[in-house]
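Coordinates in review
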Amino acid sequence: MSSTPPPTVVHGLGVSPGRVVAPAVLMPSPVTEPPSGRRLAPNADHAAAAERISQASERVRAALDEAADSATGDAADVLHATAAIAADPTLVADAVHRVMDDHLVPERAVWEAAEEVAAQFAALGGLFAERTRDIHDVRDRLVADLTGRPAPGVPQRDEPFVLVAVDLAPAVVATLDTDRVLAIATSAGGPTAHTAILARARGIPAVVAARGLDQQVTDGDLLVVDGGAGTVTLHPDDEQVARAKALAAVERTFDGDGRTADGRRVELLANVGAPADAEAAAAARAQGVGLFRTEFEFLDRDEAPGIDEQVSAYRQVFAAFAGRKVVIRTLDAGADKPMPFLTSDDEANPALGVRGLRTATAHPDVLEDQLTAIARAAEAETADVWVMAPMVSTVAEAGDFVARCARHGLSTAGVMVEVPSAALVADRILAHAAFASIGTNDLTQYAMAADRLLGAVAHLSDAWHPAVLRLVAETCRGGAAQGRPVGVCGEAAAVPALAVVLVGLGVSSLSMTPRALADVAAVLQATTSQECARLAGLALAAESAEDARETVRAALPVLAELGL
Ligand SMILES: C=C(OP(=O)(O)O)C(=O)O
Ligand SMILES: [Mg+2]
């Protein structure tokens, strides 16, 4: 008789709150290139090996067509188009030749044939070049089929599940079907990687860096994922399941008035990317926009959009927040947001190179046009428009930016504090700038010297680190000295326990994905400002990020009561 294993809790980092009880589905590991030159045994049946390619092509086509039939809209079209590539007689014939003439094993033959087709498409450019990704997708599916492995990509299931993986690419998280994938749990990854940011933005509970998780879980195991506490419970007992379900059922909303238990106001604002997101942010009762990332209008283009086009995009956001505050950030090109017309692709260290406000030295016209557009849009709407520059690192840059804004009639001009130098001289910078907004994603990257995009150093990319918190404290001291408000618009603001610490350090506004507003508001409302300050002291005194997180969480029982 088999007995159920006892519950096991695997600890990771909670990056998107929420509790989920569901079976696990493991993400297959990516297909790797079969060794070059791998050939069939001399006495092998070549015709049979070649026939396996035709059969694999038929199976992959059928699976893709079936997936397309249960999808809708663009997804269905893409899947049908990919199915057609899998059935493409040229690709299959080329692979068959490589088996019959070069005696390659089928998977290697498919790999090489697909590479050749992909190279031809890439050379044609334009829409053809865009199909190379689909050809690689088909190649990987064929190789997986021929080597007896599960198809790559997110497995299809009829029932909702928790997706367990070593790590997930941001593109995968961006396209997950949230009716099926109820939570994400990964053994690698970090809290400021785009995967975590996207999970939070899409409201998918997520735990990352749960070491060894993918090794301990098998498909179908029941899991309780707690995206707030950062735990994954394997084989939960009945009581754990009942508690998680009860907490998951609680729906919270934000009443549009952020404050602590003793009534201290803390503005709870929304981060907005695409202008169309502004409506949802207003519907979630955000008190304003704390970070409007204007990059959206500039990405994937050969040149900056014209002034009129910018004006209409900015007006869309200002209109959604009529009469309320909207902090618009000028273009943050470079590093994780490359824009070929502004940034070079041959810098050895793009995160330390010409990015953000620094691009204005060589291309002042792009910033000038943007400020013209912001001023026109502000003039046409009633929002209270604040403008800020990304990647400010010196007092001179801040002074220059504020003066430029003033020439456009934009009187509330501030800076993002995301470089340690700016945090350390915040008092001087805020003698010029009207406000500061701390970008904890980059501030963490630069304080810890840990590339925010690099999984191998993700464990260092943690805004809970006391070094990062000291920089926040220093910025708040600078703000207090000059009587200027300091907010936070990095991902740290969306983590309820960390939000409490930030308020305790002196931050007066928090800007986040609209989905996080209700949770952050609920925890703040249960905590007095005196308690916020005490918890901030505990976090500053901690030795490590883990230490700070655990100490604060243990001292905030309201988190467990709210299931966060
Ligand atoms: C808000 C920030 O800006 P971005 O994530 O767009 O770099 C940040 O760095 O924290
Ligand atoms: Mg930044």
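Please read all numbers here as calculations on a predicted model, not as lab measurements.

Quick look at helix α12 (residues 307-320) now. The terminal C-alpha atoms of α12 lie 20 Å apart, and with 14 residues this matches the ideal 20 Å at 1.5 Å per residue to within 8%. Packed against the buried residues of α12 are β9 (267-272), α11 (277-283), β10 (288-293), β11 (325-329), α14 (364-380) and β12 (384-389).

Our next topic: the domain arrangement of the chain. Entries for the chain in the domain assignment read domain 1 (8-27 + 154-248), domain 2 (46-146) and domain 3 (267-561). Once you take the C-alpha centre of each, domain 1 and domain 2 turn out to be 32 Å apart.

A separate point is the UniProt feature "binding site: Mg(2+)" (unreviewed entry) in the chain. Under the UniProt annotation, the feature "binding site: Mg(2+)" (unreviewed entry) is placed at E418 and D442. Judged by maximum C-alpha separation, these annotated positions cover 25 residues in sequence but sit close together in space, the widest gap being only 5.2 Å. Mapped onto the elements, E418 comes out in the loop between β13 (413-417) and α16 (420-424). For E418, a count of 27 C-beta atoms within 10 Å translates into the label buried.

Turning to the sheet that holds strand β6 (residues 206-208), a few remarks are in order. Read across the sheet, 8 strands follow the order β1-β8-β7-β3-β4-β5-β6-β2 without closing on themselves; strand pairing throughout is mixed. Only two strands of the sheet have a single partner each, and these edge strands are β1 (8-11) and β2 (13-16). Averaged over all adjacent pairs, the angle separating strand axes in this sheet is 30 degrees, with direction ignored. Note: strand β3 (residues 19-26) against strand β7 (residues 222-226), 5 bridges, orientation antiparallel. Residue pairing across strands places V21 opposite V224, the latter belonging to β7. Set on the sheet, helix α10 (residues 238-248) makes contact with β3, β7 and β8 (231-234); between it and β3 the angle comes to about 115 degrees.

Now for the nonpolar core. V289, V415, A499, L502, L510 and V520 are the most contacted members of the largest nonpolar core, which totals 112 residues. Examining the composition of this core, we find that 8 residues originate from one element, helix α20 (residues 496-505), more than from any other. Not counting residues up to four positions away in its chain, the partners in contact with V289 are L269, A270, V272, A278, A281, V317, F321, V326 and V327. In terms of nonpolar packing, the next biggest core, distinct from the first, is built from 41 residues, L13, V181, I184 and A244 among them.

Let's shift gears to the site of ligand 1. Contacts to ligand 1 come from L291, R293, D332, E418, G439, T440, N441, D442, C489 and G490. Elements supplying a minimum of two residues to the shell around ligand 1: β10 and α18 (440-448). The element that contributes the greatest number of residues to the shell around ligand 1 is α18, accounting for 3 residues. Looking at the shell around ligand 1 residue by residue, the classes come out as 2 nonpolar, 4 polar and 4 charged.

In this section: the UniProt feature "binding site: phosphoenolpyruvate" (unreviewed entry) in the chain. Per the UniProt record, "binding site: phosphoenolpyruvate" (unreviewed entry) is annotated on R293, R329, N441, D442 and R452. Looking at where R293 falls in the secondary structure, it is placed in strand β10. On the basis of neighbour count, R293 is assigned to the partly exposed category, with 19 C-beta atoms found within 10 Å. With sequence-adjacent residues up to four places away left out, R293 is seen in contact with G273 and R329. In this fold, N441 is placed in helix α18.

Not every positive phi belongs to a glycine, and H235 is a case in point at roughly 50 degrees. Note that H235 resides in the loop between β8 and α10. The phi dihedral of A449 is positive, around 50 degrees, even though this residue is not glycine. According to the C-beta neighbour criterion, A449 is exposed, with 10 such atoms within 10 Å.

Below, the discussion takes up the confidence of the model for the chain. Across the chain, the average pLDDT comes to 92, with 98% of residues at 70 or higher. Per the prediction output, this complex has pTM 0.76; the corresponding ipTM is 0.99.

What counts and how
- Residues numbered from 1 in each chain as written.
- Chains lettered and ligands numbered in written order.
- Predicted model: local features only at pLDDT ≥ 70, side-chain atom pairs only at ≥ 80, totals over all residues.
- Helix = DSSP H or I, 4+ residues; strand = E, 2+ residues; numbered from the N terminus.
- Expected span 1.5 Å × (residues − 1).
- Contact = placed C-beta atoms within 7 Å.
- Domains from an automatic or database assignment.
- UniProt positions renumbered as here; feature names shortened; annotations may be inferred.
- Buried ≥ 20, exposed ≤ 12 C-beta atoms within 10 Å, placed from the backbone.
- Pairing = 2+ DSSP bridges.
- Axes fitted to C-alpha atoms, helices over the stretch in contact; angles between N-to-C directions.
- Core = buried A, V, L, I, M, F, W, Y, C linked by C-beta atoms within 7 Å.
- Near = placed C-beta within 6 Å.
- Nonpolar A, V, L, I, M, F, W, Y, C, P; charged D, E, K, R; others polar.
- pLDDT = per-residue confidence, 0-100.

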